[in-house]
Amino acid sequence: MISYFREFSFKKKLTLLVTAAILLPLCIASIFFAFILDQQLKSIYANRLAAGLQLFSLVIDQQEHELTMGLAKAVNDNTLQMTMDLEIVPQLRKYLATQIKALNLSSLAVANARKEVIASDGISVSCFTENHKVQLAVQGENVLLCSITPVMRGDQHLGYVAGGVDLAHNDFMPKLRLAMSEHFIVWIEGVPALSDLSFVADGIRPDMPPIGKISDFKLAGVSYKILTKELSVGNRLSTVGIFLPSDELTQGLQQIFFVVGILVFVLFAVIMIVLQLVIRGLVSPVRQLIDASSTLEKGNYHVPVLDYKRKDEFGSLNRTFRGMAVSLQGHIENMGRMVNSRTAELAAANTALMNDMIKREKAEKEKSQLEEQLFQARKLESIGILAGGIAHDFNNLLTGVLNNISLAKMYLKPEDKAFKTLHKSEEVTRRASDLTQQLLTFAKGGVPIKRNASVSELIKESASFVLRGSNVSCEYQMPDDLWTIEADIGQISQVVHNLVINADQSMPDGGKIVITAENIELDKSHMLPLAEGRYVKVSFADQGGGIAPENLSKIFIPYFTTKKQGSGLGLATSFSIIKNHGGFITAESVPGCGATFLFYLPAASRDAADPGQVVNGFCHGGGRILFLDDDDTIRETMDDALSFLGYEVKCVADGAEVVAAYEQALTDNRPFNAVILDLTIPGGMGGVETMEKLLVLDPGVRAIVSSGYSEDPVMADFKKYGFTGVVPKPYRVEELSQVLHDILL
């Protein structure tokens, strides 16, 4: 029947509503009027008693609802949860007293999770039962509605709260009295719990008549009508009885009024019931649509289940709404995917932009560094050009001085005092030559002109020269079998010079420098930035204040210095020299405990005596020598010196004269045995161009290159340009005689 009614259209439902509103009250009124005619008196009592029971049930329901809502509000209160968690009994009791008034309850109690009462205000502990529903309890002359509710905080069970309402002190007794217009008694399980107590005789307990049957009985000489009903609250089932006085004399005059009143009441009730049913059928689908709309409004596009299969207008509306929700959900999902895609694109673009900015910042920084390095390089280049010119001229002068000293020594015996004086002058002049070489290396990091050298002799000679007159001593720890190295003696001397000066300056109050040298052979397991092979390791340990940790990584950077008077180029130059020799230099330091500088140099492939050292005095020889130099003093000195050594010498000032003289000698069948060429001839043909022309004339020509520009690549790789030997300026006659002796063998 109900399902058939739901299929009606909205128009049919309204038609049915109007019909029911008219016909149903008339039918009920006719039937009820006939019933009144038959049993008027019984009906009066029945309706009054039924009304009393109904009103009592409604009051019970209302009190049950208020009790449930009150306890729900109490258990959700943060103050109650906190005080239960901490079990602060005084605070709980105070809270209960406050909530009893606020929630319009008769009593409250709190128990822990084990149902042990912590605090109570006006309620029996027996209310804490296993059933958490509302209970009906009889205590003495009162009737209680009581309930227990668990208290939870997330997943934590804090305990229980129990509450009760005393129906005996509630306002529904005046309502009952108004409805009944007479004295009445309410019995629950044989106890007159709610009544007009002045009307009840002490000690009288009536027997309850059957449920739903109106019975007559006398109580204290007064006739009553009683109607009973089963009342179920929670899982508690009780019998409730309503008693009314039934004095025929007092009620006879009121029958007509009661009949009319009851008729109107019944008709009204029936009409209201019908209207309620119809309205509920109309409002329910509208309520569903409203709830679904609220769900959509909150952003939840999963629409609740709607009865879209209905065939009436509501079914059509539900189907339309459901389709709209599904379509909207699809649009939202598509929009979400588009937003996510666009967000990913923007994130990628942002990442690319950030990377580009980082690259640009890095490029700008590198550009700035390169510009700074270019500026420094140009400064060094300018200094190098100046230093090269000065060194060339100065080396020419020193060459003349050295050659004259050597020439003078030729005419003396070693035991002569003048010989010893000249030898000392020669050593001082060589020191001046070393300073010139250092100037070139400082300015341009000249290409090393390598030859075999003894590390121990080189270190001792350079260190003793630096520490002459200093309050710092030097201790040497070097084995006798120390390997020789293949290096530029002047440049390595400069490295030793720089390291010893730094150590000396770090000990202004005096101290000791320990110089250690040892042979090491590196294999694949080493961690140094060096190739495998044999190396000579040299360390310089001082007793100064040491180097701060933050400065240790900067000491080899050009122009970095912590000295008030210093250029910051000494260690940078040393680093460049060692690197150009295929070695490695580093430093170790503990602040307050001194510093140690270490460098590694590749050992020579074979041990040999330094050809620059004087061995057995001057090397005499014979043959024709062609000598080129633009300096008159050097030409005159070398003419005398080489002639003294047994050579026939021809000295010229320009490369063109060399070519012409060499060609004429070949024509005369009196070739030159060797040619000594100055690398740079201002305003004329230099050594390289002259050598090219000589090789055309005689591919077997033996030539020695000489120059004051020791950083020139020709000096470092002379064989590449066709030369047989090399002798850098300034040189001694002994050194030149040794080179001539070697190439003429």
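Everything below is about the structure printed above this text.
This report concerns the structure included in the present document. (Residues numbered from 1 in each chain as written. Predicted model: local features only at pLDDT ≥ 70, side-chain atom pairs only at ≥ 80, totals over all residues. Heavy atoms only, no water.)

**Here's the deal with the overall build of the chain**
The helix and strand inventory of the chain stands at 18 helices and 22 strands. Going through the 745 residues of the chain one by one, you find that 42% of them count as buried. Intrachain contacts of the chain at a sequence separation of at least 6 include 65% that bridge at least 24 residues. Of the roughly 40000 Å² of accessible surface on the chain, a fraction of 57% belongs to carbon and sulfur atoms. (Helix = DSSP H or I, 4+ residues; strand = E, 2+ residues; numbered from the N terminus. Buried < 20%, exposed > 50% of the residue type's maximum accessible area, 1.4 Å probe, protein only. Contact = heavy atoms within 4.5 Å. Areas by Shrake-Rupley, 256 points an atom, 1.4 Å probe, with all protein chains shown as cover.)

**Some thoughts on helix α14 (residues 632-644)**
Under the 1.5 Å per step criterion, the end-to-end length of α14 is 18 Å for 13 residues, consistent within 8% with the ideal 18 Å. Of the positions making up α14, those classed as buried are Ile-634, Arg-635, Thr-637, Met-638, Ala-641 and Leu-642. For α14, the buried positions fall inside an angular range of 170° around the axis, keeping them on one side. Of the residues flanking the start of α14, the one acting as N-cap is Asp-631, its side-chain oxygen 3.0 Å from the backbone nitrogen of Thr-633. Note on α14: the residue one or two positions beyond its end, Gly-646, has a positive phi of about 110°. (Expected span 1.5 Å × (residues − 1). Arc of directions from axis to C-beta. Polar contact = N/O pair within 3.5 Å; in protein donor to acceptor, adjacent residues only side chain to side chain.)

**Section: the sheet that holds strand β16 (residues 584-589)**
The sheet built from 5 strands is open, its strands ordered β12-β14-β15-β17-β16 with mixed pairing. Edge positions in the sheet fall to β12 (472-477) and β16, since each of these pairs with one other strand and no more. Within this sheet the neighbouring strands show an average axis-to-axis angle of 20°, counted without direction. In the sheet, β16 pairs with strand β17 (residues 595-602) via 6 bridges, with the strands oriented antiparallel. When the bridges of β17 are listed, Ser-589 appears paired with Ala-595. This element, helix α10 (residues 455-466), spans β12, β14 (511-522) and β15 (533-541) of the sheet and lies at about 175° to β12. Where helix α11 (residues 489-505) meets the sheet, it contacts β12, β14, β15 and β17, and its direction lies at approximately 170° from that of β17. (Pairing = 2+ DSSP bridges. Axes fitted to C-alpha atoms, helices over the stretch in contact; angles between N-to-C directions.)

**A short note on the sheet that holds strand β20 (residues 674-678)**
Strand order in the open sheet made by the 5 strands is β19-β18-β20-β21-β22, with parallel pairing throughout. In the strand order of this sheet, the two ends are held by β19 (647-652) and β22 (725-726), each with one partner. Here 4 bridges tie β20 to strand β21 (residues 703-706), and the two strands are oriented parallel to one another. Pairing of Asp-678 across the sheet is with Ser-706, part of β21. Relative to the sheet, helix α15 (residues 655-667) contacts β18 (623-628), β19 and β20, its axis offset from that of β18 by approximately 160°. Lying on the sheet, helix α18 (residues 733-744) is in contact with β18, β19, β20, β21 and β22; it crosses β20 at an angle near 135°.

**Structural notes on the nonpolar core**
In terms of nonpolar packing, the biggest core is built from 40 residues, with Val-500, Ile-513, Val-536, Val-538, Phe-540, Phe-597 and Phe-599 touching the most fellow members. Elements that contribute at least two residues to this core include exactly α10, β13 (485-487), α11, β14, β15, α13 (570-580), β16 and β17. Looking at this core, the element that brings in the most residues is α11, giving 7 residues. Excluding residues that lie within four positions of it along the chain, Phe-599 makes contacts with Val-495, Leu-499, Val-536, Lys-537, Val-538, Phe-540, Ile-578, Phe-584 and Ile-585. Counting residues in each nonpolar core, the second largest holds 31 residues, with Ala-74, Val-110, Leu-136 and Leu-158 among its members. (Core = buried A, V, L, I, M, F, W, Y, C linked by side-chain atoms within 4.5 Å.)

**Structural notes on the packing of α15 against helix α16 (residues 687-697)**
The interhelical angle for the contact between α15 and α16, taken along N-to-C directions, is 15°, at an axis separation of 9 Å. Relative to α16, the element α15 lies roughly parallel. As α15 packs across α16, the resulting crossing turns out to be right-handed. Across from Gly-655, Val-658, Val-659, Tyr-662, Glu-663 and Leu-666 in α15, the residues of α16 making contact are Thr-690, Lys-693, Leu-694 and Leu-697. Looking at the contact of α15 with α16 residue by residue, the class counts come to 6 nonpolar, 2 polar and 2 charged. (Parallel < 35°, antiparallel > 145°, perpendicular 65-115°, else oblique. Left-handed = near helix turned anticlockwise from the far one by under 90°. Nonpolar A, V, L, I, M, F, W, Y, C, P; charged D, E, K, R; others polar.)

**Notes on the pattern of salt bridges**
Following the criterion strictly, the structure yields 9 salt bridges and no others. Linking Arg-635 and Asp-632 is a salt bridge whose minimum nitrogen-to-oxygen distance equals 2.2 Å. Within this pair, Arg-635 and its partner Asp-632 are both found in helix α14, separated by 3 residues, close to a single helical turn. Across the salt bridge formed by Arg-670 and Glu-648, the nearest N and O atoms sit 3.3 Å from each other. Placement of Arg-670 in the loop between α15 and β20 and of Glu-648 in strand β19 is noted, with a sequence separation of 22 residues between them. Residue Arg-670 is classed as partly exposed on the basis of its relative accessible area, which comes to 42%. Taken together, the shared-partner salt bridges in this structure form one network comprising Arg-624, Glu-648 and Arg-670. (Salt bridge = Lys/Arg side-chain N within 4 Å of Asp/Glu carboxyl O.)

Geometry only, nothing functional implied.
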